[in-house]
Amino acid sequence: MESIVEKGLVSARFPSQQVNSHRVFAVPQSEIDEQIVRRWHALAECSCDGNPFLLPDFVLTSWKHLAGHDNHVLIVVENSVDGRWLAAGIFEPLQLTLRTPIPHLVSTQCRHTFRTGLLWDAERGASALDSMLKYLSNPANQIAGLKIPSVRMDSRLFRELEAAVRRHKYLWQATCDRQVPCIFPQIVSTDYVQRHWSKNRRKTHRRNLAQLEKHGEVSLSLARSPDDVELALETFLKLEANSWKGEAGTACLSTTADESFIRETVSRLSTRGNVIISELRSGNRVVASAINFVAGTSFYAFKIGWDREFASVGPGILHECELLFQASDRLSAFTLIDSCSAEDSYLADYWPERIPIGQVVICWSPLSEVALHLTDAARSMKRLLKSLWR
């Protein structure tokens with residue numbers, strides 16, 4: 001069997017392996033067809049810790065429109081009896097990097113990917129993660145490890161994956177990179193803001209809201225149907241392009257590739273109910289708009305744009321505040337609203353809850369463990385020297 005890190009990856013079919021009661025196999029990027037996509041969707045619909053960034057609509061569209069995605073592989077764990085997919089991961093093989101100096105797989109991501117991980121049917125495939133690890137660690141694959149960046153460290157997948165790694169006695173290295181602002185709709189109540197916001201913050205919010213109300217009644221609308229999403233997307237794109245993101249060249253309309261990616265991704269996801277575009281309105285005018293991706297019981301605040309004419313009242317902040325206020329009512333079907341923002345973003349002052357986001361590295365080769373330990377020691381020494389220099 002060829003190594004899954006060799007250049008022939010995109011055109012080779014690798015023999016499947018029987019692991020326990022599972023069939024585990026790899027599908028090169030070039031061989032993902034409609035049947036594979038249907039089965040991929042079926043697994044995503046019953047996967048725990050819903051993640052829209054792992055849906056084929058998102059992944060395949062990123063490969064189509066964004067550069068640097070031509071050497072990926074889909075690893076699948078399948079029930080040997082009924083053929084049901086129980087777990088799957090989308091990876092890119094890398095030989096060596098400065099942070100991970102071993103041949104390894106890294107979870108597929110593009111510049112618009114905020115969360116990675118695995119799809120996993122926890123109810124039907126309790127041991128599927130063990131089978132995937134055993135398959136990947138086969139010496140014939142010449143892979144020494146696996147890296148999963150930007151993963152939720154409080155998720156069920158994280159806990160169960162760690163347990164599987166411990167059972168196999170592999171090296172498990174988990175690093176928390178940031179604490180991301182979020183909302184847990186079930187705990188939002190009428191006195192929630194009173195308990196979590198400072199007096200000055202509540203006063204500023206009331207003042208800005210009153211200023212916006214002078215232009216018309218303030219309301220939050222949620223576009224869910226494909227037709228409504230299509231219309232709302234055009235409004236979002238215009239607002240974002242006319243904001244500082246347009247000036248910085250980071251808006252979706254700034255490049256043809258990003259525009260094509262976002263239009264096709266939103267269109268494909270909306271047909272399956274995985275998109276909600278929220279709009280903060282003042283009268284009939286949209287002053288802030290956000291694309292949100294949803295999967296299972298998870299809601300991800302993907303991108304936001306706002307009307308520059310209302311910049312003095314912070315329309316983006318008012319929009320996110322309305323999501324918080326209405327979370328326990330209109331978004332009660334979700335257990336988590338992930339801001340997908342930086343730890344120190346403006347949302348940190350308004351959304352008081354946090355989820356830990358970090359990186360996982362799994363190694364099964366003794367030499368790879370040594371390499372990682374040496375790399376960690378070198379980074380620690382570098383940080384120490386920098387602190388002493390300052």
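Note that the structure is predicted; figures quoted are calculated from it, not measured.

A. Seen up close, the packing of aromatic side chains. Evaluation of the coordinates by the stated rule reveals 15 aromatic pairs. Judged by centre distance (5.8 Å) and plane angle (50 degrees), the rings of tryptophan 197 and phenylalanine 325 are tilted. In this pair, tryptophan 197 is assigned in the loop between helix H5 (192-196) and helix H6 (199-213) and phenylalanine 325 in helix H10 (residues 315-330), connecting sequence segments 128 residues apart. One aromatic cluster is present, formed by Phe53, Phe58, Phe114, Phe261, Phe293, Tyr300 and Phe302 through successive ring pairs. Arginine 23 extends its terminal NZ or CZ atom over the ring of phenylalanine 25, reaching a point 4.3 Å from the ring centre. Directly above the ring of phenylalanine 302 sits lysine 303, whose terminal nitrogen or CZ lies 5.0 Å from the centroid.

B. Molecular detail of unusual backbone geometry. Positive phi, close to 60 degrees, is recorded for lysine 169, a residue that is not glycine. Relative to the elements of secondary structure, lysine 169 occurs in the loop between helix H4 (156-168) and strand S8 (171-183). The residue cysteine 340 is not glycine, and still its phi comes out positive at about 55 degrees. Here cysteine 340 lies in the loop between strand S13 (336-338) and strand S14 (353-363). Residue class for cysteine 340 comes out buried when judged on its relative accessible area of 9%.

C. Layout of the pattern of salt bridges. Scanning all chains against the criterion turns up 23 salt bridges. Ionic pairing is found between aspartate 338 and arginine 115, a salt bridge with its closest N-O pair at 2.8 Å. Taken as a pair, aspartate 338 in strand S13 and arginine 115 in the loop between strand S5 (104-107) and strand S6 (119-120) lie far apart in primary sequence, 223 residues in all. Among the ionic pairs, arginine 263 bridges to glutamate 259, the shortest N-O distance being 3.0 Å. With arginine 263 and glutamate 259 both in helix H9 (residues 256-270) and 4 residues apart, the pair spans about one turn of that helix. Where salt bridges share partners, they join Asp57, Lys64, Glu264 and Arg268 into one cluster.

D. Representation of H9 in the model. Between its first and last C-alpha, H9 extends 21 Å over 15 residues, near the 21 Å set by a 1.5 Å rise per residue. Summarising the contacts, the buried residues of H9 are in contact with helix H2 (56-65), helix H7 (226-241), strand S10 (275-282), strand S11 (285-295) and strand S12 (298-306).

E. Geometry of the pairing of S11. With 10 of 11 residues buried, S11 is to be regarded as a mostly interior element. Across 8 bridges, S10 lies against S11 in antiparallel orientation. Looking at S11, one finds that glutamate 279 is bridged to serine 289. Between the end of S10 and the start of S11, which pair antiparallel, lie 2 residues, with glycine 283 showing a positive phi angle near 70 degrees. The pairing of S11 with S12 spans 8 bridges and is classified as antiparallel. Within S12, the position partnered with serine 289 by the bridge is glycine 305.

F. Representation of the confidence of the model for the protein in the model. For the protein, per-residue confidence averages 90 on the pLDDT scale, and residues scoring 70 or more make up 88% of the total. Contacts for the low-pLDDT stretch residues 1-13, under 50 throughout, to residues beyond four places or in other chains number 41 contacts.

G. Inspection of helix H1 (residues 34-45) at higher detail. Under the 1.5 Å per step criterion, the end-to-end length of H1 is 17 Å for 12 residues, consistent within 8% with the ideal 16 Å. Among all positions of H1, only Ile36, Val37, Trp40, His41, Leu43 and Ala44 are buried. The buried residues of H1 occupy an angular sector of 165 degrees when projected down its axis, which confines them to one face. Counted as exposed and oriented over 90 degrees from the buried face of H1: Glu34, Arg38 and Glu45. With a side-chain oxygen positioned 3.3 Å from the backbone nitrogen of glutamine 35, the residue opening H1 is aspartate 33.

Criteria and thresholds
Residues numbered from 1 in each chain as written. Predicted model: local features only at pLDDT ≥ 70, side-chain atom pairs only at ≥ 80, totals over all residues. Heavy atoms only, no water. Phe/Tyr/Trp six-rings, centres within 6.5 Å; stacked < 30°, edge-to-face > 60°. Helix = DSSP H or I, 4+ residues; strand = E, 2+ residues; numbered from the N terminus. Lys NZ or Arg CZ within 6 Å of the ring centre and 35° of its normal. Buried < 20%, exposed > 50% of the residue type's maximum accessible area, 1.4 Å probe, protein only. Salt bridge = Lys/Arg side-chain N within 4 Å of Asp/Glu carboxyl O. Expected span 1.5 Å × (residues − 1). Contact = heavy atoms within 4.5 Å. Pairing = 2+ DSSP bridges. pLDDT = per-residue confidence, 0-100. Arc of directions from axis to C-beta. Polar contact = N/O pair within 3.5 Å; in protein donor to acceptor, adjacent residues only side chain to side chain.

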